[in-house]
Amino acid sequence: MSPVPIRIAGRLVHRLAGVLATLLAASFVIFSAVYAAPGDPAVFLAGGRDKLTPERLAQVRAEYHLDEPLVVQYARWLWDCLHFDLGRSFKYSDQVADLVAARFPTTLQLVAYATLLFVVLGVGAGVLAAVKRSTWVDSAVVGGTTLAASVPSFVAAIALVSLFGVQLGWFPVTGSGEGLGGTIRHLTLPAVSLALGALAIVSRVTRQSMADAAASDHVEAARISGVPERDIVRRHILRNALGPVVTMCGLVMAGMLAGTVVVETAFGISGIGSLLVGAINTHDFPVAQAVLLLMVTGYIVVTTLVDAVHPLLDPRVARVAQGSSR
């Protein structure tokens, strides 16, 4: 067999093993951290401290296997997760998988909307600042993105609700809406507040990547040869700057699942972010563990895909990877 397919298969196996090992370690950290949180779930399951006897507390612990060692509980939980059984909610008495499946589409729509906003506006602002470098346009973009990056998402949410929801009445301030038009109107303000910080990061990365690409020798040679500036920007500068830009967009998008916790709570959206907040407040451990595991899994999968796509966008990275594998 040719050594090239063997190297490719070896890299795929190595990457898959790394992903599985990361997921295993993350699952143990999540399980341990949730059970280390203040509060006793047995007290909540028993109906509170009123008229709580030691016998009743021991019965609840045995019923939900809370009297077993942490490692045994983790092994039992992990085995159930591998069989797509996330347990039953302490609060709702429903299957956790059903609760997550009912709310995940709303969160996915919010993240997709915010991703569209920060990719289009962030990359566009970065390209504009790079093309108009050292002008007032560049200064305005840098100043605006610096301001956007300094505003926390919950502060942006309050400001957007006050201005566009209450005073102007352009957008609804709670719920996720129905139908395509209703969903877009309801999720516009949450998506903007979620995308502001990401927009600033992506625009900065785009601007710097294009500046680095513009300083290369082949770009200067193209200018001397009389190639139009528009073609130079599109074919030589922007194309060579795509690798870092796409990588940063992927990383930011992967981290947005965790960012929805604040935004969904502020706008009253029934997604997995608000589900996580409610689960933590009520010590609903199975729900909290499932949501956190979903967020970590989404982040790991997206970052792995970005890492796999990066060499396709930047041949220099692929050549370095091939050289190191020899």
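One structure accompanies this document, and this report is about it. Being a predicted model, the structure only gives us computed values, none of them experimental. (Residues numbered from 1 in each chain as written. Predicted model: local features only at pLDDT ≥ 70, side-chain atom pairs only at ≥ 80, totals over all residues. Heavy atoms only, no water.)

**Regarding the packing of helix 8 (residues 179–214) against helix 10 (residues 229–267)**
Phase 1 of the analysis: Interhelical geometry of helix 8 versus helix 10 gives an angle of 160° and a closest axis separation of 8 Å. Relative to helix 10, helix 8 is oriented roughly antiparallel. Between helix 8 and helix 10 lies a crossing whose hand is right-handed.
Phase 2 of the analysis: When its residues are assigned to classes, the contact of helix 8 with helix 10 shows 23 nonpolar, six polar and no charged. (Axes fitted to C-alpha atoms, helices over the stretch in contact; angles between N-to-C directions. Helix = DSSP H or I, 4+ residues; strand = E, 2+ residues; numbered from the N terminus. Parallel < 35°, antiparallel > 145°, perpendicular 65-115°, else oblique. Left-handed = near helix turned anticlockwise from the far one by under 90°. Nonpolar A, V, L, I, M, F, W, Y, C, P; charged D, E, K, R; others polar.)

**Details of the packing of aromatic side chains**
Describing an aromatic ring pair means giving the distance of the ring centres and the angle of the ring planes.
Phase 1 of the analysis: In this structure the tally under the stated criterion is four aromatic pairs.
Phase 2 of the analysis: When the centroid spacing of 5.8 Å and the interplanar angle of 65° are considered together, the rings of Phe31 and Tyr74 count as edge-to-face. Placement of the pair is Phe31 in helix 1 (residues 3–35) and Tyr74 in helix 4 (residues 70–82), with a sequence separation of 43 residues. For the pair Phe31 and Tyr74, one class covers both residues: buried.
Phase 3 of the analysis: Seen in terms of ring centroids, Phe31 and Trp77 are 5.3 Å apart; in terms of plane orientation they differ by 35°. Their pairing is tilted. (Phe/Tyr/Trp six-rings, centres within 6.5 Å; stacked < 30°, edge-to-face > 60°. Buried < 20%, exposed > 50% of the residue type's maximum accessible area, 1.4 Å probe, protein only.)

**Describing the environment of Phe154**
Phase 1 of the analysis: Positionally, Phe154 belongs in helix 7 (residues 153–167).
Phase 2 of the analysis: Distance from Phe154 to Ala266, taken between C-alpha atoms, is 7.0 Å for residues 112 residues apart in sequence.

**Thoughts on the nonpolar core**
Phase 1 of the analysis: In this structure, Val100, Phe118, Met256, Phe267, Val287 and Val291 are the most contacted members of the largest nonpolar core, which totals 36 residues.
Phase 2 of the analysis: Leaving out residues up to four positions away in the same chain, Val100 has contacts with Ile272, Leu275, Ala290, Val291 and Leu294.
Phase 3 of the analysis: Counting residues in each nonpolar core, the second largest holds 10 residues, with Val127, Met210, Ala213 and Val219 among its members. (Core = buried A, V, L, I, M, F, W, Y, C linked by side-chain atoms within 4.5 Å. Contact = heavy atoms within 4.5 Å.)

**Concerning the pattern of salt bridges**
Phase 1 of the analysis: Tallying each qualifying case throughout the model produces one salt bridge.
Phase 2 of the analysis: With a shortest N-O distance of 2.8 Å, Asp138 and Arg207 are connected by a salt bridge. Residue Asp138 is found in helix 6 (residues 136–150), and its partner Arg207 is found in helix 8; the two are separated by 69 residues along the sequence.
Phase 3 of the analysis: For Arg207, a relative accessible area of 17% gives the class buried. (Salt bridge = Lys/Arg side-chain N within 4 Å of Asp/Glu carboxyl O.)

**Considering the environment of Val173**
Phase 1 of the analysis: In this fold, Val173 is placed in the loop between helix 7 and helix 8.
Phase 2 of the analysis: By relative accessible area, which is 28% here, Val173 ends up partly exposed.
Phase 3 of the analysis: For the pair Val173 and Pro190, spaced 17 residues apart in the sequence, the C-alpha separation amounts to 8.5 Å.
Phase 4 of the analysis: Once residues lying within four places of it in the same chain are set aside, the contact partners of Val173 are Val161, Gly165 and Phe267.

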